[in-house]
Amino acid sequence: MGKAQSNKQQAVYGIRPVMETIESGKQIDKILLQNGLSGSLIGELRALIKAHGLTFQFVPVEKLNRTVRDVNHQGVVALISAIEYQSVYDIVPYVFEQGRTPMLLMLDRVTDVRNLGAIARTAECTSVDAIIVPAHGSAQINEDAIKTSSGALLRVPVCREDNLKTVVNFAKQSGLQVCAATEKGNSLYTDVDFCKPTLLIMGAEETGVSNDLLKLCDHRAKLPIVGAVQSLNVSVAAGVFMYEVLRQRKG
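Residues numbered from 1 in each chain as written. Predicted model: local features only at pLDDT ≥ 70, side-chain atom pairs only at ≥ 80, totals over all residues. Heavy atoms only, no water.

### Details of helix H5 (residues 113-125)
Alright, step 1. For H5, which comprises 13 residues, the first-to-last C-alpha distance of 19 Å matches the rise-based estimate of 18 Å (1.5 Å per residue) to within 8%.
Alright, step 2. All of the buried residues in H5 are Asn115, Leu116, Gly117, Ile119, Ala120, Thr122 and Ala123.
Alright, step 3. The elements touched by buried residues of H5 are strand E6 (103-108), strand E7 (130-134), helix H6 (143-148) and helix H9 (234-250).
Alright, step 4. A side-chain oxygen of the first residue of H5 lies 2.9 Å from the backbone nitrogen of arginine 114; this N-cap is aspartate 112.
Alright, step 5. Downstream of H5 by a residue or two, serine 127 has a phi angle that is positive, lying close to 65°. (Helix = DSSP H or I, 4+ residues; strand = E, 2+ residues; numbered from the N terminus. Expected span 1.5 Å × (residues − 1). Buried < 20%, exposed > 50% of the residue type's maximum accessible area, 1.4 Å probe, protein only. Contact = heavy atoms within 4.5 Å. Polar contact = N/O pair within 3.5 Å; in protein donor to acceptor, adjacent residues only side chain to side chain.)

Take a look at the structure:
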């Protein structure tokens, strides 16, 4: 039992090593459990996973064999986070205390690793204070994402939060305006006053920002589209918005 490199991401395998990793407080992206796995020790592991609120998934043994090759994984593999996540609830007051105007970026169900990396790269170039992603249903931050970001994911604080609605409400209570980038917007992106403390939400390319989040937004802003293709890649759209924020604040 021990550690391995899985697609350039560190993995811990074996029931007890995974339990020890959880108890150590090390940040874990996901735990893979073999389909049909049972027993008292597995029961303890699942209770530990639940107590720590970790993401887990039942998978065929073939997937585990591909994830960590030529080892006795006992049907359990934990994928270790490639970065150290931070808390948005700490970052917002810290930015205010530094005398700066917060600019936060929330990614709602952006699942493509390359898009995530490209967005993070632009976020670092435009001095975004933090990137917020959901704990479930988001692109995995692995070595490929870090490489695509040119290392920006190691420099820009990333917050992985369980409930994005709670984060939005916290941002509003903290004095931030919340703006969703959406084709359903009733104003252009240049009409929003981004000199104010801001939380910008970008959604998945296929579905956009979820309705639950849209209902909480102060602004719904769109980009002008004049071509036949009526949407932009999310990383491109995010880049336009982030540079508009920078333009207004530096202007």
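### A few points about the nonpolar core
Alright, step 1. By size, the foremost hydrophobic cluster in this structure holds 36 residues, and its most contacted members are Leu105, Leu107, Met202 and Phe241.
Alright, step 2. Elements represented by at least two residues in this core include exactly E6, H5, E7, H6, strand E9 (177-181), strand E11 (198-203) and H9.
Alright, step 3. With six residues, H9 is the single largest residue contributor to this core.
Alright, step 4. Apart from residues lying up to four places away in sequence, leucine 105 is in contact with Ile119, Val128, Ala130, Ile131, Ile132, Leu199, Leu200, Met202 and Met242. (Core = buried A, V, L, I, M, F, W, Y, C linked by side-chain atoms within 4.5 Å.)

### Details of the environment of serine 38
Alright, step 1. As for its position among the elements, serine 38 is in the loop between strand E3 (28-34) and helix H2 (40-51).
Alright, step 2. With 62 residues separating them along the chain, serine 38 and arginine 100 place their C-alpha atoms 52 Å apart.

### Quick word on the state of the cysteines
Alright, step 1. One pass over the full model with this rule turns up zero disulfides.
Alright, step 2. With no disulfide of its own, cysteine 125 lies 19 Å from the sulfur of cysteine 159, the closest cysteine sulfur.
Alright, step 3. With no disulfide of its own, cysteine 217 has cysteine 179 as its nearest cysteine by sulfur position, at a separation of 7.2 Å.
Alright, step 4. On the basis of relative accessibility, which here comes to 13%, the residue cysteine 217 falls in the buried class. (Disulfide = S-S within 2.5 Å.)

### A short note on the environment of leucine 33
Alright, step 1. Of note, leucine 33 is situated in strand E3.
Alright, step 2. Along the backbone, leucine 33 and aspartate 144 are 111 residues apart, and their C-alpha atoms lie at a distance of 23 Å.

### Regarding the pattern of salt bridges
Alright, step 1. With the rule as written, the count across this model stands at seven salt bridges.
Alright, step 2. With its nearest N and O atoms 2.8 Å apart, the salt bridge here joins aspartate 29 to arginine 160. One end of the pair, aspartate 29, is in strand E3; the other, arginine 160, is in strand E8 (residues 158-161), with 131 residues separating them in the sequence.
Alright, step 3. For arginine 100, the salt bridge goes to aspartate 129, with nearest N and O atoms at 2.5 Å. Highlighted residues: arginine 100 in the loop between helix H4 (88-97) and E6 and aspartate 129 in the loop between H5 and E7, separated in sequence by 29 residues. (Salt bridge = Lys/Arg side-chain N within 4 Å of Asp/Glu carboxyl O.)

### Quick look at the sheet that holds strand E12 (residues 219-222)
Alright, step 1. Sheet architecture is open: seven strands sit in the order E8-E7-E6-E11-E9-E12-E10, paired in parallel fashion. Among the strands making up the open sheet, the edge pair consists of E8 and strand E10 (187-188).
Alright, step 2. Direction of pairing for E6 relative to E7: parallel, over a ladder of three bridges. Within E7, the position partnered with leucine 105 by the bridge is isoleucine 131.
Alright, step 3. Here H9 sits on the sheet in contact with E6, E9, E11 and E12, set at roughly 165° to E11. (Pairing = 2+ DSSP bridges. Axes fitted to C-alpha atoms, helices over the stretch in contact; angles between N-to-C directions.)

### Overview of a nonpolar patch on the surface
Alright, step 1. The grouping of Ile225, Leu232 and Val236 at the surface amounts to a nonpolar patch, some 220 Å² of accessible area in total.
Alright, step 2. Its location among the elements puts isoleucine 225 in the loop between E12 and H9.
Alright, step 3. Isoleucine 225 gets classed as partly exposed once you look at its relative accessible area, which sits at 30%. (Patch = residues over 30% accessible without salt bridge, like charges linked within 9 Å, V, L, I, M, F, W, Y side chains within 5 Å. Areas by Shrake-Rupley, 256 points an atom, 1.4 Å probe, with all protein chains shown as cover.)

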